[in-house]
Each structure stands twice: as C-alpha cells, then as structure tokens.
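Coordinate inspection notes
Here are the chains, one letter per residue:
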Amino acid sequence: MIVQQGTEAVVRVAVAALWSSPDAVRPVDAPALGSPADVGAWVAGLAAARQVGDAVLSQLLLGERVLVTEVRPDGWAHVVAVDQPSARLDARGYPGWLPVAQLTSAATDADAMARVVVDVAVTALHTTAGGPVAVPGVVLGTRLAGAGDPVDGWQPVHAPGQPGPLWLPAAHVVATPTAPPTAEQVLAVATRLLDVDYLWGGLSAYGIDCSGLVHLVWRRLGVLVPRDASDQATAARRLELGAERVGDLYSFARPGQRIHHIGIVTAARPGREERRMLHACYRHRRVLEERLSVERNATLLGAHRLEADPVRLNDGTRSARVAGPART
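Described in the following lines is the structure provided in the data block.

Reading guide: rules and limits
- Residues numbered from 1 in each chain as written.
- Predicted model: local features only at pLDDT ≥ 70, side-chain atom pairs only at ≥ 80, totals over all residues.
- Heavy atoms only, no water.
- Pairing = 2+ DSSP bridges.
- Helix = DSSP H or I, 4+ residues; strand = E, 2+ residues; numbered from the N terminus.
- Buried < 20%, exposed > 50% of the residue type's maximum accessible area, 1.4 Å probe, protein only.
- Core = buried A, V, L, I, M, F, W, Y, C linked by side-chain atoms within 4.5 Å.
- Contact = heavy atoms within 4.5 Å.
- Axes fitted to C-alpha atoms, helices over the stretch in contact; angles between N-to-C directions.
- Salt bridge = Lys/Arg side-chain N within 4 Å of Asp/Glu carboxyl O.

Looking now at the pairing of strand 10 (residues 133-139). Note: strand 9 (residues 122-126) against strand 10, four bridges, orientation antiparallel. Counted as the bridge partner of H126 is V133 from strand 10. Two successive antiparallel strands, strand 9 and strand 10, enclose a turn made up of six residues, where G130 displays a positive phi of approximately 80°.

Moving on: helix 3 (residues 210-220). With eleven of eleven residues buried, helix 3 lies mostly within the body of the structure. Every buried residue of helix 3 is listed here: C210, S211, G212, L213, V214, H215, L216, V217, W218, R219 and R220. Count one or two residues on from helix 3 and you reach G222, which has phi positive near 85°.

Grouped together as the largest cluster of nonpolar side chains are 63 residues, with contacts concentrated most on W19, W42, L125, L193, V217, W218 and I264. A total of six residues in this core trace back to one element, the largest contributor, which is helix 3. Ignoring sequence-local partners within four residues, the contact set of W42 consists of W19, V28, D29, P31, A32, V56, Q59 and L199. One finds A16, L57, L60 and V68 within the second-largest nonpolar core, a separate group that totals 17 residues.

Here the focus is the sheet that holds strand 23 (residues 300-305). On the basis of which strands lie adjacent, the open sheet formed by six strands has the order 18-23-19-20-21-22 and antiparallel pairing. In this open sheet, the two strands that pair with only one neighbour each are strand 18 (237-239) and strand 22 (286-291). Averaged over all pairs of adjacent strands, the angle between their axes in this sheet comes to 35°, without regard to strand direction. Strand direction decides the pairing type here: strand 21 (residues 276-281) and strand 22, joined by six bridges, are antiparallel. For M277, the partnering residue across the bridge sits in strand 22 and is E290.

Taken together, the three bridges between strand 1 (residues 8-11) and strand 4 (residues 65-71) define a ladder with antiparallel strand orientation. For V10, the partnering residue across the bridge sits in strand 4 and is R65. Pairing of strand 4 with strand 5 (residues 76-81), which is carried by five bridges, proceeds in the antiparallel orientation. In the strand pairing of strand 5, E70 is matched with H78. The loop that links strand 4 with its antiparallel partner strand 5 comprises four residues; one of these, G75, has a positive phi angle of about 95°.

Turning to the pattern of salt bridges, a few remarks are in order. Taken as a whole and judged by the stated rule, the model has 14 salt bridges. Put simply, D119 and R192 hold a salt bridge, and the shortest N to O gap is 2.4 Å. With D119 in the loop between strand 8 (115-118) and strand 9 and R192 in the loop between helix 2 (183-191) and strand 15 (203-204), this residue pair connects regions lying 73 residues apart in the sequence. A relative accessible area of 16% means that D119 is categorised as buried. Salt-bridge contacts for R286 lead to D195; the nearest nitrogen and oxygen are separated by 2.9 Å. One end of the pair, R286, is in strand 22; the other, D195, is in the loop between helix 2 and strand 15, with 91 residues separating them in the sequence. Taking the relative accessible area as the measure of exposure, R286 reaches 31% and is therefore partly exposed. Look at D195 and you get exposed, because its relative accessible area is 52%.

Structure representation (structure tokens):
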C-alpha cells in the first residue's frame, strides 16, 4: 500500500530505527534498513564505540503509528512517531526518518479488535500455527490486533502489511492491560531486560538506552510515557528524596544542564547509601541493577513517580497517557 505525505502509516517491520537524517546512515547500518530489518545482526555488527552517537534517535515497533510529513524520491520518509511523546521536539510526537519500505498505509479494519501485547523479550510471527516464520524479531511491548481465539497454544493476530492472520505462541502475549501498573509489575517487566546491550536510541530487547527502558516498560504495561529522560521526569510527579518507592524513577543532571540519565528505583524508601536502581547504563554497556555510586549520587536530581490515568483506550490506537535527551 502506498505511503503518502500528510497521512498516517504504520511500521511493518519488527523493529525500525528512527534516524536523524538519511545522510547519517553508514554502511554498517545496512541490516537495519531492510524489510524485514535484521536488527539483531545490525546490533551484533556494531563496535561498542559505534553504539554511542546521535544517528539513531529512537526505534519504532511493529504496528506503531506515525504521521508522514514528507516522502522523498530516494525512498525515505520523514515521520512523527505519535506514540512517543516529545514535548521538547514536536508536540505531535518524536520526529525522524525511516525507509518508506518499512512502512505501510494505516489500516482501520483491525483497530476495533481485541488487542494483545508481546510479553517476552523476542518472538516471531508465523504463517501458520507452528509453520514458517513470516516476521522475525518481534519484541517485548509490541501491540497487535487479535484475529480470534488461540488454537492448540497458538494465537492468531493481524500484522501490518500482511495479507492474512499470522500466528505466535499464545504464551508469548497477554491482553492489553486495563489497570494502572503496580510496582511489582514494573519491576517484573524491567527485569526481563537485564543484560540487554546499551544502544543509544534503542527501544527493544536487541539494544536499549536509559529512557528507552523506561518508555518500553510502561508501554508494555499499557501506559504511554514520553520518549526522552527530561520529558519523562517532567511528566512525572516530583518526590522528596527519601519518599521514593520501588517502581519510581531517579533522574540525574549536572549543574545547569538538562537531565541526562534516568533509572527505575528498586529499593523502598532508601537512605543515601542504599539507593538502588535498574537502568540502561552507558558505562557498563548493558541494563543492570545496582546501588547508586558516589558519582551517581553527586548528579542525582530527584525522584519522580509516573501516575497514569486509569482510563485505557482499547481500540488499538492509543494507550493511556501519563499526566502532566541525553541518555547515559
């Protein structure tokens, strides 16, 4: 289906990188540009030094909606990711560039169907129950439209750009949440991403950055939060240090600078020496849970609590939103 400027489209690959510019793409990035995109091979091919930079702004997941603002003859589209709020960059969502081949026109026929969300780090969509893989590398937090009841342990779903229903193990998905997440749920989801590689702009189990981790955990739990750390802290309720609890956030900033890091609190009402968080750490190049170091405490700006409107929209187009860019 043709993708046109001024219309909505949806991502048709499991994970699509959102680029700062088509000119920022390097030869090493080729596996991330196709349809399907081989994000696993792309990340594996990146040297550690190349995982840090500003070429990749974010990632979009299968079925995620975008507003197409420009389509170029060379096969690139400028889009706004409407489910990744970014008040600082664009009131409509997160802006960037995608290959047109990774998009398809937004369909409405599946929007009213029951929604499910992927609940494992990585899975695949198959042509039939237990049959060949049609869409590999589908990741945690991907929302899909159900296509009927499970059959012999396999769940049929609709996927963008596919002519008919595809199948994945029923145990790999859960119903879209309809209640505010608990602290236990937040940590249960976040813990599944432990040891995932740090990747600037990453938003998947193949690689993730600090604000991507926060965004993806709450997305899996049905809550839409901003994409970048500074916007996440702004959208959350500020707490006095010492009042934080498990599932809240710590934010970090150097004097006079914007928030540069964010993590999920893993210790209840800790004192200075017992503060702990789960975060995607540039220094360690992975997601880990640890006590805050002296250096981290020195830049600790504050604690924050994400509070979601309990009303969920289950029409498949939006999740509940939280009331109210550096990533190291």
